[in-house]
Amino acid sequence: MDKIESLNHTKWDCKYHVVFIPKNRRKVLYGQLRVHLGEVFRGLAQHKESRIEEGHLMVDHVHMLISIPPKYAVSNVVGYIKGKSAIHLARVYAERKRNFAGQSFWARGYFVSTVGRDEAVIRNYIRHQEKEDERLEQLGLWR
């Protein structure tokens, strides 16, 4: 927290809370896929000189706290991560070896919010979101 990064002529601390979903909100992020996807996202973020500070793969969506240098647009980094991870998943899990664009895994949009001084709150939210969802589901059973 509060770690200031630097480029040649810039000091920066740009963090974003990003959420995106699989197409049709399919519940496919569990099991073997869920374990593997975290390291794929981290490697892809490094290609864009970015770093995933915190992340959690839910049943039907992805939460991440990502640090992105100001020389990259958030849309470029998130688009890169979604696109390349879809291609990777298609090659590894769907066994499509060539000419697959990966267009059928992630939904088109995403949610992004800047993280300022409330970074600890966002980290806590990402870590405990799954438990909170389960708690809310339990409350809904009594209605």
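This is a predicted model, so every value here is computed, not measured. (Residues numbered from 1 in each chain as written. Predicted model: local features only at pLDDT ≥ 70, side-chain atom pairs only at ≥ 80, totals over all residues. Heavy atoms only, no water.)

Undergrad: How would you sum up the nonpolar core? Please name residues and give values.
TA: If you look at the biggest cluster of nonpolar residues, it comprises 23 residues, and the most contacted ones within it are Phe41, Met64, Ile66 and Trp106. Put simply, the parts of the chain that give this core at least two residues each are strand E3 (15-20), helix H1 (32-47), strand E4 (51-57), strand E5 (62-67) and helix H2 (74-92). Discounting chain neighbours no more than four positions away, the residues touching Ile66 are Cys14, Lys15, Tyr16, Val18, Ala45, Ser50, Arg51, Ile52, Glu53, Val77 and Ile81. (Core = buried A, V, L, I, M, F, W, Y, C linked by side-chain atoms within 4.5 Å. Buried < 20%, exposed > 50% of the residue type's maximum accessible area, 1.4 Å probe, protein only. Helix = DSSP H or I, 4+ residues; strand = E, 2+ residues; numbered from the N terminus. Contact = heavy atoms within 4.5 Å.)

Undergrad: Which residues make up the side chain of Ser67, and what values go with them?
TA: Of note, Ser67 is situated in strand E5. Ser67 sits in the buried class, given a relative accessible area of 2%. Leave out the neighbours within four places in its chain, and Ser67 touches Trp12, Cys14, Lys15, Ser50, Arg51 and Glu53.

Undergrad: If you had to explain the pattern of salt bridges to someone new, which residues and values would you point to?
TA: Per the counting criterion, the structure on display carries 8 salt bridges. Residue Glu49 is joined to Lys71 by a salt bridge in which the shortest nitrogen-to-oxygen separation is 3.1 Å. Note that Glu49 is positioned in the loop between H1 and E4 and Lys71 in the loop between E5 and H2, a separation of 22 residues in sequence. For Glu49, a relative accessible area of 41% corresponds to the partly exposed category. The partner of Arg127 in a salt bridge is Glu54, and the shortest N-O contact between them spans 3.1 Å. Placement of Arg127 in helix H3 (residues 119-141) and of Glu54 in strand E4 is noted, with a sequence separation of 73 residues between them. A single network of salt bridges, built from pairs that share partners, joins Asp13, Lys15, Arg51, Glu53, Glu54, Glu119, Arg123 and Arg127. (Salt bridge = Lys/Arg side-chain N within 4 Å of Asp/Glu carboxyl O.)

Undergrad: Pulling in residues and values, what's your account of the sheet that holds E3?
TA: With respect to topology, 4 strands assemble into an open sheet ordered E4-E5-E3-E6, the strand pairing being antiparallel. Across the chains shown, the open sheet's two edge strands, defined by having one partner strand only, are E4 and strand E6 (111-115). In this sheet, adjacent strand axes meet at a mean angle of 15° when their direction is disregarded. Each of E3, E5 and E6 is contacted by H2, which is oriented at about 45° to E3, the strand it contacts most. (Pairing = 2+ DSSP bridges. Axes fitted to C-alpha atoms, helices over the stretch in contact; angles between N-to-C directions.)

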